[in-house]
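For reference, the chains in residue letters:
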Amino acid sequence: QLARIQTDSVVEMLRELYPDLHFEIAVAMSTTGDKILDTALSKIGEKSLFTKELENALERNEVDLVVHSLKDLPTSLPPGFTIGAVCKRENPLDAVVFHPKNCGKTLSLLPEKSVIGTSSLRRAAQLKKKFPHLEFRDIRGNLNTRLKKLDEKEDFSAIILAAAGLRRMGWENRIGQLLSPEDCLYAVGQGALAVEVRAKDQETLNMVSALHDADTVLRCIAERAFMKRLEGGCSVPVAVNTVLKDGQLYLTGAVYSLDGSDSLKETMQTSVHYPQQNEDGPNDDVQRVGITAKNVPGQAQEAAENLGVELASLLLSKGAKHILSVARQLNDAR
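By the naming in an unreviewed UniProt entry, the chain is Porphobilinogen deaminase, taken from Rissa tridactyla. If you open the UniProt record of the chain and go to Pathway (unreviewed entry), you find "Porphyrin-containing compound metabolism; protoporphyrin-IX biosynthesis; coproporphyrinogen-III from 5-aminolevulinate: step 2/4."

Novice: I tried to follow the side chain of Thr 82 on my own but got confused; where do I start?
Specialist: Residue placement: Thr 82 occurs in strand β2 (residues 81–86). At a separation of 3.5 Å, a polar atom in the side chain of Thr 82 contacts the side chain of Gln 287. Not counting residues up to four positions away in its chain, the partners in contact with Thr 82 are Leu 77, Val 195, Glu 196, Val 197, Ala 199, Leu 205, Gln 287, Gly 290, Ile 291 and Thr 292.

Novice: Honestly, the sheet that holds β2 in this entry has me stumped. Any pointers?
Specialist: Two orientations exist for strands paired in a sheet by backbone hydrogen bonds: parallel and antiparallel. Spatially, the 3 strands line up as an open sheet ordered β1-β8-β2, and their pairing is antiparallel. Of all the strands in the sheet, the pair left with one neighbour each is β1 (66–69) and β2. Between one strand and the next, the sheet's axes are offset by a mean angle of 40 degrees, whatever the strand orientation. Strand direction decides the pairing type here: β1 and strand β8 (residues 193–198), joined by 4 bridges, are antiparallel. When the bridges of β8 are listed, Ser 69 appears paired with Leu 193. Across the sheet, helix α1 (residues 2–17) touches β1 and β8, and the angle it forms with β1 is around 125 degrees. Against the sheet, helix α4 (residues 52–59) makes contact with β1, β2 and β8, and its axis sits at roughly 40 degrees relative to β8, the strand it touches most.

Novice: Please explain the packing of helix α9 (residues 214–230) against helix α10 (residues 298–317) as it appears in this structure.
Specialist: Helix-helix packing: each pair is described by the crossing angle between the helix axes and the interaxial distance. Look at α9 against α10: their axes get within 7 Å of each other, and the N-to-C directions meet at 35 degrees. Considering how the two elements wind past one another, α9 and α10 form a crossing that is right-handed. Within the contact between the two elements, α9 uses Leu 218, Ile 221, Ala 222, Ala 225, Phe 226, Arg 229 and Leu 230 and α10 uses Ala 300, Gln 301, Ala 304, Glu 305, Leu 307, Gly 308, Val 309, Leu 311, Ala 312, Ser 313, Leu 315 and Leu 316. Partitioned by chemical class, the residues of the contact of α9 with α10 number 14 nonpolar, 3 polar and 2 charged.

Novice: How should I be thinking about the environment of Asn 306 in this particular structure?
Specialist: Note that Asn 306 resides in helix α10. Judged by its relative accessible area of 36%, Asn 306 is partly exposed. When the C-alpha positions of Asn 306 and Ala 222 are compared, they lie 7.4 Å apart, and in sequence the two are 84 residues distant.

Novice: What's the story with the sheet that holds strand β10 (residues 248–256) in this structure? I'm lost.
Specialist: A sheet is described by the order of its strands in space; here 3 strands give the open sequence β9-β10-β11, paired in antiparallel fashion. In this open sheet, the two edge strands, each paired with only one partner strand, are β9 (238–245) and β11 (263–271). Pairwise comparison of adjacent strand axes, ignoring direction, gives a mean angle of 15 degrees for this sheet. For β9 and β10, the ladder comprises 8 bridges, and the chain directions are antiparallel. By the bridge assignment for β10, Val 240 is matched with Gly 253. The strands touched by α10 are β10 and β11; relative to β11, the strand with the most contacts, the crossing angle is about 150 degrees. Docked against the sheet, helix α11 (residues 320–333) engages β9, β10 and β11, running at close to 50 degrees with respect to β10.

Novice: Honestly, the pairing of β8 in this entry has me stumped. Any pointers?
Specialist: Note on strand geometry: in a regular strand, side chains alternate between the two faces of the sheet. Among the 6 residues in β8, 6 count as buried, and that is most of the element. Bridge count for β2 against β8 is 5 bridges, and the pairing is antiparallel. Looking across to β8, one finds that Thr 82 is bridged to Val 197.

Novice: Would you explain the confidence of the model for the chain in this entry?
Specialist: Close inspection of predicted coordinates is inappropriate for parts of the model with low pLDDT. Confidence in the prediction for the chain averages 90 pLDDT; 90% of positions are at 70 or higher. Considering only residues more than four positions removed or in separate chains, one finds that residues 41–49, a stretch of pLDDT under 50, has 24 contacts.

Novice: Mind showing me how you'd approach the nonpolar core here?
Specialist: Soluble globular proteins: nonpolar side chains tend toward being buried together. Judged by nonpolar contacts, the single largest core of 50 residues is most densely connected at Leu 70, Ile 83, Phe 226, Leu 230, Val 238 and Val 255. Of all the elements in the fold, those that place two or more residues in this core are α4, β2, α9, β9, β10, α10 and α11. Broken down by element, this core gets its largest block of residues, 9 residues, from α9.

Novice: I keep staring at the pairing of strand β3 (residues 94–98) and nothing clicks. Help me out?
Specialist: With 5 of 5 residues buried, β3 is to be regarded as a mostly interior element. Here β3 shows two buried faces, one formed by Asp 94, Val 96 and Phe 98 and the other by Ala 95 and Val 97. For β3 and strand β6 (residues 158–162), the ladder comprises 5 bridges, and the chain directions are antiparallel. Along β6, the bridge assignment pairs Val 97 with Ile 159. With 3 bridges joining them, β3 and strand β7 (residues 177–179) adopt antiparallel strand pairing. Residue pairing for β7: Val 96 is matched across the bridge by Gln 177.

Reading the values: rules and limits
Residues numbered from 1 in each chain as written. Predicted model: local features only at pLDDT ≥ 70, side-chain atom pairs only at ≥ 80, totals over all residues. Heavy atoms only, no water. UniProt positions renumbered as here; feature names shortened; annotations may be inferred. Helix = DSSP H or I, 4+ residues; strand = E, 2+ residues; numbered from the N terminus. Polar contact = N/O pair within 3.5 Å; in protein donor to acceptor, adjacent residues only side chain to side chain. Contact = heavy atoms within 4.5 Å. Pairing = 2+ DSSP bridges. Axes fitted to C-alpha atoms, helices over the stretch in contact; angles between N-to-C directions. Left-handed = near helix turned anticlockwise from the far one by under 90°. Nonpolar A, V, L, I, M, F, W, Y, C, P; charged D, E, K, R; others polar. Buried < 20%, exposed > 50% of the residue type's maximum accessible area, 1.4 Å probe, protein only. pLDDT = per-residue confidence, 0-100. Core = buried A, V, L, I, M, F, W, Y, C linked by side-chain atoms within 4.5 Å.

Structure (structure tokens):
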């Protein structure tokens with residue numbers, strides 16, 4: 001349902017921009033990630049968990065564009081594909097949805113040993129450290145399924161979800177607590193929608209590039225470059241927070257051990273205040289961490305990408321590789 005709402009919203013924007021074009025939502029598919037529901041996401045180990053089947057349809061020219069949650073897209077896309085648009089970001093923070101009996105509470109007010117559901121190693125690692133009196137357990141399934149498990153059983157006192165998904169579904173009233181970046185840094189790309197197209201399909205690429213939100217593009221390029229340099233994915237706890245203000249892009253990035261006891265966190269900034277130049281020619285289609293953003297100044301994109309790489313390199317120099325490889329081994333052994 002969420003995937004459909006997200007696709008509909010992108011198509012609606014395209015219809016407004018191109019009233020003469022006919023857009024047809026051809027297929028609704030379920031992906032590997034949707035089908036394997038009895039295993040933690042971090043254990044399946046498939047890079048393109050929620051995207052492969054959709055890319056196959058793109059490759060076979062059955063569809064011309066695919067809408068994804070950006071956080072589901074790997075930092076390196078398969079050859080022949082690119083992210084042609086990154087839409088304006090919804091709130092990227094994580095949200096706590098409480099069991100009806102805990103309405104009005106916050107995580108710190110829940111009783112000792114209350115069980116919190118999350119399928120994310122990143123969320124669990126940060127919140128275990130912050131709220132040591134709570135227990136964290138895997139919960140899988142789409143938003144509807146997870147909310148149903150929360151409401152109809154007594155297994156969980158609360159679950160953690162992305163605020164963006166709840167807002168898009170119209171369930172904002174279920175958000176009992178928004179977790180600030182001090183409590184919980186968010187996932188790379190969280191809250192942003194990406195439109196994936198064939199890299200050589202200039203016509204579609206030109207069309208969807210009108211949907212790019214420049215601020216979101218620069219923030220997400222920095223976040224994805226950080227993740228890529230760390231070689232992170234959903235099997236290790238990597239988290240970010242970005243702010244773009246007065247032409248300065250601030251990136252906070254962190255890595256965690258599985259229980260949150262060991263962590264590294266740093267913040268860096270760079271200027272992304274560059275005018276848009278007419279960069280006609282081969283530079284038009286430079287892909288940065290899978291994103292082709294024709295209408296965002298190239299120098300600003302380069303600065304954002306370098307910021308992500310430099311911050312990751314700083315963490316690696318301080319021992320991030322060790323933290324992540326131990327996390328990966330422990331996760332594999334679970």
